[in-house]
Amino acid sequence: MDGHAQAGATTRGLALGCIADDHTGATDLANTLARAGLSVVQTIGVPGPDVAVPETDARVVALKIRSVPADEAVAKARAARDALVGAGAGHVLYKICSTFDSTDAGNIGPVTDALRADAGAAIVPVCPAFPGTGRTVYQGHLFVGDRLLSESPLKDHPLNPMRDADLVRVLARQSAAPVGLVAHATVRAGADAIARRLEALAGEGRGAAVVDAICDDDLIPLGEAALRHPVSTGASGLGHGLARALIASGRARESAAAALPEVGGPAVVLAGSTSAATRAQLAAAQALMPVLRIDAAAAVADPERALADALAFAREKLPSGPVAIATSADPDAVAAVQARFGARVAGAALESLMARIAEHLVAWGLRRLVVAGGETSGAVVEALQVKALRIGAEIAPGVPATLALGAPAGALALALKSGNFGGEDFFARALEALR
Ligand code: ADP
């Protein structure tokens, strides 16, 4: 530990490496770690050797392995772990959804098994609790608010219906080794008690143990105990516990959210989400900036025309201040477009349109972008060839300001939000936060 302390004033090395099984989950975790006091960078997949990833306390690798075949998830998670350990990570967190989104085929069990084997670990603590969002684990059972997981809307999830709330049973069905439980009474007794119980379960040949957590206070001793193992599996709640434990033990230094460097210049809001929150945010933004409402049906039928119109709008209005460009529409209009073209075709065409608008704007020199919509954000980040996001201050719960790195155009100030996130004044706040 002394070696770390002497490693220099700017950094103590990578204390925590995280493998996130989807992109919005990665940002959620990165934001949670930054709020807990760590410096954080999120990479889009494992960046190539040409990308200079800034030195931070924590690094989150965003993958898309939640609902792919288990072999593919395992291979990608292993490669990410190798890169994180190669960068010096002392502990690796495999970040899953707080609803334990998975099937009997995986991927939480197979990936946890593989990471345990690669790390030479005896056992992996597993806890998807995120009490702040109502996800708690008691006696190994996952609750969503006041409902068992199996009685929550997740029981009808389109890809991974969750019909069993007993996580020991759920994880055992997808794991090679038996699974144990660290119950709440042990968690309340503190980090040493949790560690002793994990050791006993490992001695019984259990490869993973579900750990109870019903409030934020439970996450702190859990984080401390988890750090005594090379790998853990959990949601952002466990990330919070690990971050606080790293700071308490001196392995990371508490810092305020990074003040990101200023990139300057005009800014554009691109809204591809049709959520109620985003529509309300656009309505509020109309008082502050010109808003172009793209006719989605016309745009799917003739994307070149829609692109030219959007760019002409931006070129005319941008000299006077920020502008917003949106495909967002109310549910009836969305249903009509989907009925005519098919939901997937329409969605992909509109995402691609937004991505191409972003590409042109950046080619003109624009460096500040706010994007509303999870899939839309993914399309924009891919088109701009962003490789990493330095995490800055929180704009709204779950949405940090970021500095995008690795794009051929250079550094970009980006705010990427999942459709439902943020209050009505989100766009005004985001534009203020992206300097
Ligand atoms: P959210 O985070 O709200 O789910 P996403 O960007 O992930 O937002 O998803 C919204 C999807 O809806 C995207 O595929 C987008 O292209 C599509 N979409 C946007 N506007 C319309 C519209 N007017 N009609 C149909 N689909 C639309």
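Now for a look at the structure at hand.

Considerations on the environment of alanine 34
Next up, step 1: Assignment of secondary structure puts alanine 34 in helix 2 (residues 23-35).
Next up, step 2: Note: C-alpha distance between alanine 34 and valine 231 (197 residues apart in sequence) is 20 Å.
Next up, step 3: Residues contacting alanine 34, with those up to four places away along its chain left out, are Val40 and Ile391.

Here we look at the pattern of salt bridges
Next up, step 1: Scanning all chains against the criterion turns up 25 salt bridges.
Next up, step 2: Connected through shared salt-bridge partners, Asp104, Asp164, Asp166, Arg169 and Arg173 make up one network.

Regarding the side chain of arginine 116
Next up, step 1: Its place among the elements puts arginine 116 in helix 4 (residues 108-119).
Next up, step 2: Look at arginine 116 and you get buried, because its relative accessible area is 13%.
Next up, step 3: Filtering out sequence-adjacent residues up to four positions away, arginine 116 remains in contact with Ala121, Ala122, Ile123, Val124, Ala177, Gly207 and Ala208.

Concerning the site of the ligand
Next up, step 1: Around the ligand lies a shell of 17 residues, among which Ser273, Glu351, Glu375, Thr376 and Gly419 are the nearest.
Next up, step 2: The separation between a nitrogen atom of the ligand and a polar side-chain atom of threonine 327 is 3.0 Å.
Next up, step 3: In the environment of the ligand, an oxygen atom lies 2.5 Å from a nitrogen or oxygen atom belonging to the side chain of glutamate 351.
Next up, step 4: Relative to its unbound accessible surface of 570 Å², the ligand loses 82% to contact with the protein.

Brief notes about the packing of helix 12 (residues 303-317) against helix 14 (residues 343-364)
Any two packed helices are characterised by the angle at which their axes cross and by the distance between the axes.
Next up, step 1: Direction vectors running N to C along helix 12 and helix 14 enclose 40°, while the axes themselves pass 10 Å from each other. Put simply, helix 12 runs oblique to helix 14. Remark: the crossing between helix 12 and helix 14 carries right-handed chirality. Taken together, the residues of helix 14 that come into contact with helix 12 (itself represented by Pro303, Glu304, Ala306, Leu307, Ala310, Leu311, Ala314 and Arg315) are Leu353, Arg356, Ile357, His360, Leu361 and Trp364.
Next up, step 2: Taken together, the residues of the contact of helix 12 with helix 14 sort by class into 10 nonpolar, one polar and three charged.

What to know about unusual backbone geometry
Next up, step 1: A cis geometry characterises the amide bond from glycine 106 onward to asparagine 107, with omega recorded as 10°.
Next up, step 2: Following the sequence through the fold, asparagine 107 ends up in the loop between strand 4 (91-95) and helix 4.
Next up, step 3: Unlike most non-glycine residues, phenylalanine 100 shows phi in positive territory, near 55°.
Next up, step 4: Turning to its location among the elements, phenylalanine 100 is positioned in the loop between strand 4 and helix 4.
Next up, step 5: The class for phenylalanine 100 is buried, based on a relative accessible area of 0%.
Next up, step 6: A positive phi is found at glutamine 139, a non-glycine position, where the angle reads about 50°.
Next up, step 7: Within the secondary structure, glutamine 139 sits in the loop between strand 6 (135-138) and strand 7 (141-144).
Next up, step 8: We classify glutamine 139 as partly exposed; its relative accessible area is 36%.

Description of helix 12
Next up, step 1: In a regular helix each residue adds 1.5 Å, so 15 residues correspond to 21 Å; helix 12 covers 21 Å between its end C-alpha atoms and thus fits that length.
Next up, step 2: Residues Ala306, Leu307, Ala310, Leu311, Phe313 and Ala314 constitute the buried set of helix 12. Considered in projection along helix 12, the buried side chains sweep an arc of 155° and stay on one side of the axis. Opposite the buried face of helix 12, by more than 90 degrees, sit the exposed residues Arg305, Arg315 and Glu316.
Next up, step 3: The inward-facing, buried residues of helix 12 abut strand 13 (291-293), helix 11 (296-301), strand 14 (323-326) and helix 14.

Rules of the game
Residues numbered from 1 in each chain as written. Predicted model: local features only at pLDDT ≥ 70, side-chain atom pairs only at ≥ 80, totals over all residues. Heavy atoms only, no water. Helix = DSSP H or I, 4+ residues; strand = E, 2+ residues; numbered from the N terminus. Contact = heavy atoms within 4.5 Å. Salt bridge = Lys/Arg side-chain N within 4 Å of Asp/Glu carboxyl O. Buried < 20%, exposed > 50% of the residue type's maximum accessible area, 1.4 Å probe, protein only. Near = heavy atom within 4 Å. Polar contact = N/O pair within 3.5 Å; in protein donor to acceptor, adjacent residues only side chain to side chain. Areas by Shrake-Rupley, 256 points an atom, 1.4 Å probe, with all protein chains shown as cover. Axes fitted to C-alpha atoms, helices over the stretch in contact; angles between N-to-C directions. Parallel < 35°, antiparallel > 145°, perpendicular 65-115°, else oblique. Left-handed = near helix turned anticlockwise from the far one by under 90°. Nonpolar A, V, L, I, M, F, W, Y, C, P; charged D, E, K, R; others polar. Expected span 1.5 Å × (residues − 1). Arc of directions from axis to C-beta.

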